[in-house]
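A look at the structure
Residue-level listing of the chains:
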Amino acid sequence: MRKSFMLMLALVLCLSMSAFAAEYEAVIDFSYGESGWGPMGGAVFYVTNEDARSESLSLAVVGRTQTWEGTIFELFNVLEDGGVYNFSIWVKALEAAPGSQVWITCVQVDTAGDAHYSRLCDPVEISTTEWVELVVENFEFTKEGYTGTAIYLEVDDEFASYLMDDFKITGNKPIHL
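Below is a short write-up of the structure. (Residues numbered from 1 in each chain as written. Predicted model: local features only at pLDDT ≥ 70, side-chain atom pairs only at ≥ 80, totals over all residues. Heavy atoms only, no water.)

1. Structural notes on unusual backbone geometry
The phi dihedral of phenylalanine 30 is positive, around 65°, even though this residue is not glycine. One can find phenylalanine 30 in the loop between strand 1 (24-28) and strand 2 (37-40). Judged by its relative accessible area of 0%, phenylalanine 30 falls in the buried class. Even without a glycine there, the phi angle at glutamate 55 is positive, about 50°. (Helix = DSSP H or I, 4+ residues; strand = E, 2+ residues; numbered from the N terminus. Buried < 20%, exposed > 50% of the residue type's maximum accessible area, 1.4 Å probe, protein only.)

2. Concerning the pairing of strand 7 (residues 101-110)
Burial analysis of strand 7 places eight of its ten residues in the buried class, the great majority of the element. Of the strand pairs in this sheet, strand 7 and strand 9 (residues 124-125) are connected by two bridges, and their pairing is antiparallel. Directly across from glutamine 101, in strand 9, lies its bridge partner glutamate 125. In terms of strand pairing, strand 7 meets strand 11 (residues 146-155) through nine bridges, oriented antiparallel. Bridging across to strand 11, glutamine 108 finds its partner in threonine 149. (Pairing = 2+ DSSP bridges.)

3. Focus on the pattern of salt bridges
Under the counting rule described, the total for this entry stands at two salt bridges. The residue aspartate 51 makes a salt bridge to lysine 92 at a minimum N-O spacing of 2.5 Å. Highlighted residues: aspartate 51 in the loop between strand 3 (44-48) and strand 4 (58-62) and lysine 92 in strand 6 (residues 84-95), separated in sequence by 41 residues. What makes aspartate 51 partly exposed here is its relative accessible area of 22%. For the salt bridge of arginine 53 with aspartate 166, the shortest nitrogen-to-oxygen distance reads 2.8 Å. Taken together, the residues arginine 53 in the loop between strand 3 and strand 4 and aspartate 166 in strand 12 (residues 161-171) connect sequence positions 113 residues apart. According to the relative accessible area criterion, arginine 53 is partly exposed, its value standing at 38%. Residue aspartate 166 is classed as buried on the basis of its relative accessible area, which comes to 8%. (Salt bridge = Lys/Arg side-chain N within 4 Å of Asp/Glu carboxyl O.)

What follows is the structure, given as structure tokens:
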């Protein structure tokens, strides 16, 4: 009886885990330009070959004067309502104060026009010598009550400049890039 229970429990756990497995994946390595990343604030961003994590290009963000300035990626028409998605992006500082940290923030605009902000991952120390990965897991996307949803990077050193590369989205529903 106990052996049967343990086998049944293992089967249920395996099936549960596979139900949440990502079926869809999209990767932006900036080989085709900015690929949906747009302006946020007064910062300047451009595709560069001065350094990249993979392939030959990355996205540089310079000229920041606020922690939130940089570039923003609109999710509203990219993800499907009711989907569960994971994001990852690699970041490397061009210039940053020692100990500076970077994280991913989500902004959702409701139907009244009010913006709601949430930090999607723990801050990670940014480095001028190594690429660091930011990871968001189990982001539950909904359009209900919202007119826009986007993500962007924040760095606590408002004058930091950085590179972004290999932005990956995985999810249980289609991704429309």
